[in-house]
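Residue-level structural notes
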Protein chains: 2
Amino acid sequence: MQNVITALRVLEEVSARQPIGVGELARLLGLPKSTVQRSLRTLHEAGWIRPAGGEVTRWQVTSKALQVARRTELGLRDAAVPVMEELRQRTGETIHLMVPEGEAVVLIERLETDKPLRIVLPLGIRLPLHASANGKAVLAHLGRALDELPAYTDTTITDARALRAELEAVRARGYADNRGEWRADIAAVASAILGPDGAPIASLSVSTPASRMTEDQRAQYGELVTQAAGTLTESLG
Amino acid sequence: MQNVITALRVLEEVSARQPIGVGELARLLGLPKSTVQRSLRTLHEAGWIRPAGGEVTRWQVTSKALQVARRTELGLRDAAVPVMEELRQRTGETIHLMVPEGEAVVLIERLETDKPLRIVLPLGIRLPLHASANGKAVLAHLGRALDELPAYTDTTITDARALRAELEAVRARGYADNRGEWRADIAAVASAILGPDGAPIASLSVSTPASRMTEDQRAQYGELVTQAAGTLTESLG
DNA sequence: ACCTCCGTGCCATTTCACGGCACACCGTGC
DNA sequence: GCACGGTGTGCCGTGAAATGGCACGGAGGT
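Residues numbered from 1 in each chain as written. Chains lettered and ligands numbered in written order. Predicted model: local features only at pLDDT ≥ 70, side-chain atom pairs only at ≥ 80, totals over all residues.

Following glutamine 18 of chain A, the chain continues into proline 19 of chain A via a peptide bond in cis, with omega recorded as -5°. For proline 19 of chain A, the location among the structural elements is in the loop between helix H1 (2–17) and helix H2 (22–29). (Helix = DSSP H or I, 4+ residues; strand = E, 2+ residues; numbered from the N terminus.)

The immediate surroundings of DNA strand D are formed by 20 residues, with Asn3 and Ser34 of chain A together with Gly21, Gly23 and Thr57 of chain B found nearest. If you list the elements that add at least two residues to the surface near DNA strand D, you get H1 and helix H3 (33–45) of chain A together with helix H1 (2–17), helix H2 (22–29) and helix H3 (33–45) of chain B. Considered class by class, the residues forming the surface near DNA strand D number 4 nonpolar, 12 polar and 4 charged. (Near = placed C-beta within 6 Å. Nonpolar A, V, L, I, M, F, W, Y, C, P; charged D, E, K, R; others polar.)

For the rest of this paragraph, the subject is helix H8 (residues 215–235) of chain B. Here H8 of chain B spans 30 Å end to end across 21 residues, near enough to the 30 Å set by a 1.5 Å rise per residue. Among the residues making up H8 of chain B, those that are buried are Tyr221, Gly222, Leu224, Val225, Thr226, Ala228, Ala229 and Leu232 of chain B. (Expected span 1.5 Å × (residues − 1). Buried ≥ 20, exposed ≤ 12 C-beta atoms within 10 Å, placed from the backbone.)

What follows deals with the protein's contact with DNA strand C. Surrounding DNA strand C, one finds 19 residues, the nearest of these being Gly21, Gly23 and Thr57 of chain A together with Asn3 and Ser34 of chain B. For the surface near DNA strand C, the secondary structure elements donating two or more residues are H1, H2 and H3 of chain A together with H1 and H3 of chain B. Of the residues forming the surface near DNA strand C, the biggest block, 4 residues, is contributed by H3 of chain B. By residue class, the composition of the surface near DNA strand C is 3 nonpolar, 12 polar and 4 charged.

The next thing to look at is the sheet that holds strand S4 (residues 104–111) of chain A. Residue and element names in this part refer to chain A. The strand order across the open sheet built from 6 strands is S5-S4-S3-S8-S7-S6, with neighbouring strands paired in antiparallel fashion. Of all the strands in the sheet, the pair left with one neighbour each is strand S5 (126–128) and strand S6 (176–179). Recorded for the sheet is a direction-independent mean angle of 30° between the axes of neighbouring strands. Examined bridge by bridge, S6 and strand S7 (residues 186–194) share 4 bridges and lie antiparallel to one another. For arginine 179, the partnering residue across the bridge sits in S7 and is alanine 187. Against the sheet, helix H8 (residues 215–235) makes contact with S6, S7 and strand S8 (200–209), and its axis sits at roughly 25° relative to S7, the strand it touches most. (Pairing = 2+ DSSP bridges. Axes fitted to C-alpha atoms, helices over the stretch in contact; angles between N-to-C directions. Contact = placed C-beta atoms within 7 Å.)

To continue, consider the interface of chain A and chain B. On the side of chain B, 34 residues touch chain A, which itself brings 34 residues to the contact. Of all the secondary structure elements, the ones that give two or more residues to the side of chain A that touches chain B are H1, H3, strand S2 (59–61), helix H4 (64–70) and S4 of chain A. A per-element tally of the side of chain A that touches chain B places H1 of chain A first, with 9 residues. Its residues assigned to classes, the side of chain A that touches chain B shows 18 nonpolar, 10 polar and 6 charged.

Before going further, it helps to examine the packing of H1 of chain A against H2 of chain A. Residue and element names in this part refer to chain A. At a minimum axis distance of 11 Å, the contact between H1 and H2 shows a crossing angle of 115°. Here H2 runs roughly perpendicular to H1, going by the angle between their axes. Judged by the sense of rotation from one axis to the other, the crossing of H1 with H2 is right-handed. Two secondary-structure elements touch here, H1 through Arg9, Val10 and Glu13 and H2 through Leu25, Leu28 and Leu29. Each residue belonging to the contact of H1 with H2 can be placed in one class, and the counts come to 4 nonpolar, no polar and 2 charged. (Parallel < 35°, antiparallel > 145°, perpendicular 65-115°, else oblique. Left-handed = near helix turned anticlockwise from the far one by under 90°.)

The next thing to look at is the domain arrangement of chain A. Looking at the assigned domains, one finds that chain A contains domain 1 (2–68) and domain 2 (72–235). If you average the C-alpha positions of domain 1 of chain A and of domain 2 of chain A, the two centres end up 35 Å apart. (Domains from an automatic or database assignment.)

Another point: the nonpolar core. If you look at the biggest cluster of nonpolar residues, it comprises 124 residues, and the most contacted ones within it are Leu11, Leu204 and Val225 of chain A together with Leu11, Leu204 and Val225 of chain B. Contact partners of valine 225 of chain B, with chain neighbours within four places excluded, come to Leu87, Tyr175, Val189, Ala190, Ser191, Leu204, Ser205 and Val206 of chain B. (Core = buried A, V, L, I, M, F, W, Y, C linked by C-beta atoms within 7 Å.)

Right, let's talk about the environment of threonine 153 of chain B for a bit. Secondary-structure assignment places threonine 153 of chain B in the loop between helix H6 (133–139) and helix H7 (160–173). Sequence separation between threonine 153 of chain B and arginine 77 of chain B is 76 residues, and the spatial gap between their C-alpha atoms is 31 Å.

What follows is about the environment of alanine 169 of chain B. Residue and element names in this part refer to chain B. Along the chain, alanine 169 falls in helix H7. On the basis of neighbour counts, which here come to 14 C-beta atoms within 10 Å, the residue alanine 169 falls in the partly exposed class. Alanine 169 sits 32 residues away from alanine 137 along the chain, and the two C-alpha atoms are 10 Å apart.

Take the pairing of strand S3 (residues 94–101) of chain B next. Residues and elements named next belong to chain B. Buried residues dominate S3, accounting for 7 of its 8 residues. As paired strands, S3 and strand S8 (residues 200–209) are joined by 5 bridges and run antiparallel to one another. Counterpart to leucine 97 in the pairing with S8 is leucine 204. Sheet topology note: the S3/strand S4 (residues 104–111) ladder contains 7 bridges and is antiparallel. Bridge pairing in S4 links glutamate 101 to alanine 104. Linking S3 back to S4 in an antiparallel pair, the connection comprises 2 residues, with glycine 102 at a positive phi of about 60°.

Here it is as structure tokens:
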């Protein structure tokens with residue numbers, strides 16, 4: 001089913017570059033124009049894309065993807081948002097909700113701080129398990145070893161032994177933290193939301209600019225995020 | 001490209017019924033098992049679905065759909081959420097953000113009230129243009145006539161002439177309202193967010209149980225939602 | 001007038017999707 | 001033990017349909 005693969009590639013490219021036309025897509029994907037156009041027509045017929053604005057030769061994705069996406073983690077999101085709001089109110093900082101997927105954690109919801117200097121990550125972004133607060137919070141309850149530990153900054157944990165020790169501390173403490181390990185100027189604390197079987201299904205975090213996170217605040221936010229995650233763990237059980 | 005169509009149908013069905021296996025999907029879609037399985041394999045290869053939990057024979061969608069979905073209305077959503085939050089704070093009621101698409105408006109974001117009796121609509125839901133506050137707010141700036149006006153409740157406007165008069169009032173007033181026209185026990189007020197060319201690109205609403213919306217509140221919420229939509233119209237211009 | 005880019009449409013070639021069928025597996029019931 | 005209904009998987013001949021090169025009409029730009 002090669003054509004399905006190419007059609008989905010076209011869909012992704014449309015979503016990334018919309019509004020966009022046949023020729024540019026073909027160039028970006030390295031495919032013949034005819035193939036791309038057939039894919040576009042088919043995606044249109046299936047209701048996943050539509051002509052953008054007045055012009056009929058440029059395309060953009062419809063809400064079909066949203067309908068598909070939101071049915072997945074919907075229960076989790078609905079349960080989490082009120083808790084996230086309270087957490088933001090108490091901390092005044094940006095709150096993220098992420099879920100593990102493959103070798104990464106994926107951002108599925110966020111509430112931003114109202115402070116002028118803030119972390120802004122796009123929904124759907126994937127962060128490494130070993131170099132993010134959410135990733136480490138999840139990893140601590142996953143019982144899985146990672147093959148590679150690439151460095152992103154000076155403080156990224158790249159030694160498997162050191163990572164194991166860190167995860168042990170996370171389990172004892174209840175929350176994971178991040179001291180500029182993915183981006184040097186971002187700090188965070190995170191705690192995992194566990195399913196009935198003890199497996200991590202998601203993670204909550206409080207993220208701030210590194211310059212704003214003092215040690216006292218780190219401990220305080222850590223307690224708060226652990227409480228919030230615990231609330232969700234229980235409400236899902 | 002029939003196979004693309006069927007693969008996308010399979011994807012939608014997986015998202016609606018996940019976690020789900022080959023056989024049940026084939027029955028639901030009326031397709032041969034082999035066809036469904038080929039689609040599943042292909043979708044898996046493309047990274048849109050993954051085995052659910054421990055079992056390798058049940059499937060669920062990945063965050064791919066979220067990544068595609070969220071790049072679409074992302075700028076709008078990011079701009080709208082803070083305004084929506086303020087609006088909820090002022091009204092204490094559920095706030096919806098919807099965009100026009102085809103013959104309907106689609107819910108792309110919501111903030112819920114904390115009151116125990118509340119409206120809860122799923123993200124991605126489609127509401128009729130002529131029988132919802134958001135729909136009428138959009139329709140008032142769309143300059144398009146509808147072919148059919150199906151009735152949902154006793155109060156649904158089914159007469160084209162009456163609808164035109166209503167839309168004229170909406171334009172004069174700045175906001176549209178809904179008096180149980182889609183569901184008898186839901187009331188709302190909504191105001192359109194306009195693009196630089198005056199075309200409606202989205203709509204904000206305040207939704208409450210019909211029992212809670214007095215005439216005074218309707219007018220008050222109407223003013224607030226109109227102000228909020230105006231703020232967004234300007235910030236996008 | 002030229003040149004270049006756009007989107008669209010055609011069509012012979014050949015790939016590969018289709019779907020019937022058989023198989024392995026696993027509980028249940030008799 | 002054996003048949004039965006239910007999974008998910010794998011094979012394969014047939015034939016539909018995806019492919020992609022190419023040509024055409026049009027819109028700007030120089």
